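Architecture at a glance
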Amino acid sequence: MQEVSESRAGSMGKNLPPGSRRVARITLYYLASVLAIYYFIMVSVPPVLFVRNLNNIYATDSTDKDDLPAAIASDSLYLDLSRELSFTMARIRMASSDSICLSVDIPDSTLSLEIRGVTVRSVKMQRISVAGSMRGVRDHVWHEFLGAPLSIESSVASIPREPIMLKIAPRDTAEASSMPDIRPDTTNTAPVTFSLRLENGIRLTVIEDVAGKRRGMVVIRRFLFRRSIDYMWVAVKHVALFRFPPYEPEIRLVVPGNDARTIYRALPVNGSVALRIR
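Basis of the calculations
Residues numbered from 1 in each chain as written. Predicted model: local features only at pLDDT ≥ 70, side-chain atom pairs only at ≥ 80, totals over all residues. Heavy atoms only, no water. Helix = DSSP H or I, 4+ residues; strand = E, 2+ residues; numbered from the N terminus. Expected span 1.5 Å × (residues − 1). Buried < 20%, exposed > 50% of the residue type's maximum accessible area, 1.4 Å probe, protein only. Pairing = 2+ DSSP bridges. Axes fitted to C-alpha atoms, helices over the stretch in contact; angles between N-to-C directions. Contact = heavy atoms within 4.5 Å. Phe/Tyr/Trp six-rings, centres within 6.5 Å; stacked < 30°, edge-to-face > 60°. Patch = residues over 30% accessible without salt bridge, like charges linked within 9 Å, V, L, I, M, F, W, Y side chains within 5 Å. Areas by Shrake-Rupley, 256 points an atom, 1.4 Å probe, with all protein chains shown as cover. Salt bridge = Lys/Arg side-chain N within 4 Å of Asp/Glu carboxyl O. pLDDT = per-residue confidence, 0-100.

**Description of helix α4 (residues 76–95)**
- Taking 1.5 Å per residue as the helical rise, α4 with its 20 residues ought to reach 28 Å, and the 29 Å between its terminal C-alpha atoms agrees with that figure.
- Listed in full, the buried residues belonging to α4 are Y78, L79, S82, R83, S86, F87, A90 and M94.

**A few points about the sheet that holds strand β6 (residues 193–198)**
- In spatial order, the strands read β3-β2-β1-β9-β5-β6-β7-β8-β4; together these nine strands make up an open sheet with mixed pairing. Each of the sheet's edge strands pairs with one partner strand only, and the pair in question is β3 (118–124) and β4 (127–130). Sheet twist, expressed as the average angle between the axes of neighbouring strands with direction ignored, equals 25°.
- The sheet contact formed by strand β7 (residues 203–208) and strand β8 (residues 250–255) spans six bridges and is parallel.

**Re the environment of F223**
- Position of F223 relative to the elements: it lies in helix α7 (residues 214–240).
- What makes F223 buried here is its relative accessible area of 10%.
- Along the chain, F223 and T193 lie 30 residues apart, while their C-alpha atoms are 7.8 Å from each other.
- In contact with F223, not counting residues within four places along its chain, are V156, A157, S158, T193 and F194.

**Some thoughts on the packing of aromatic side chains**
- Summed over the entire model, instances satisfying the criterion amount to four aromatic pairs.
- Summarising the aromatic geometry, the rings of F194 and Y264 are spaced 5.2 Å apart at their centres and angled 35° between planes, so their arrangement reads as tilted. Here Y264 lies in helix α8 (residues 259–266) and F194 lies in strand β6, a separation of 70 residues in the sequence. Taken individually, F194 and Y264 each receive the classification buried, so the pair is uniform in this respect.

**Let's talk about a nonpolar patch on the surface**
- A cluster of nonpolar side chains, contributed by F225, I229, M232, W233 and V236, occupies part of the molecular surface with about 530 Å² of accessible area.
- Note on placement: I229 falls in helix α7.

**Topic: the confidence of the model for the protein**
- When pLDDT is averaged across the protein, the result is 81; 77% of the residues are at 70 or more.
- Taking the mean pLDDT of every element in the protein, the minimum, 47, falls on helix α1 (residues 2–14) and the maximum, 94, on strand β1 (residues 101–105).
- The model gives residues 1–13 a pLDDT under 50, and that stretch makes zero contacts with residues more than four places away or in other chains.

**As for the pairing of strand β5 (residues 150–157)**
- Inspection of the sheet shows β5 paired to strand β9 (residues 272–276) by two bridges, in the antiparallel sense. Pairing of L150 across the sheet is with V273, part of β9.
- Looking at chain direction, β5 and β6 are connected through five bridges and run antiparallel. Counted as the bridge partner of S155 is L196 from β6.

See below:
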């Protein structure tokens, strides 16, 4: 008898009235829509807050003098000179360090490795993409915001960071046997992309140009897709706790040849970056 009653209950559950099934589908549809809208709102607000906070922090231009006419303070040439001066001062501060530093000049499309103020390698960027939220930053903010070199807080890349080893010829067989072996670099044929998280929250991504190379495009897209999944997972966890997810405006730079590999392996782990966006 018990088996008969259980089978009847199961058949009744499967044979719900069409009206009940329609109500269930509509309920699930609206619930999914509400969750999607809620998620979209939660991830759309942080870029606005980032720009607003940045503009509020540097609400006044410290370079303006009390007797400076407003017409000059808002002049495009004056603003360009202020941003260029800010970029130059950041590079001068980096020159006091003994380590290799990175200089990124977006208006000039130039990316340079420098040590003590001397450029040891200069690369012409082929394509540049700046986060749209950066357009909301006021002109005079860039002078204060980027007036000092930015430290690299963390990095991720499609290749391991392997130091370049210089091997001096041994004097005899005993010295040769005691010297460490150098592992061959097996990543020379793979395209390279890396991402640097700077101390002000900006993410700088450098991508090797793989135009026309199908295998290279797959590697780059896989790397960028994994990064997107990681961010989405972090965003979902924050949204589930009714908190805004972190926002990091991204700057993507496409460079030719093996320049991405050279730059990534030349930079120290906690190196410095001078950045000029406008």
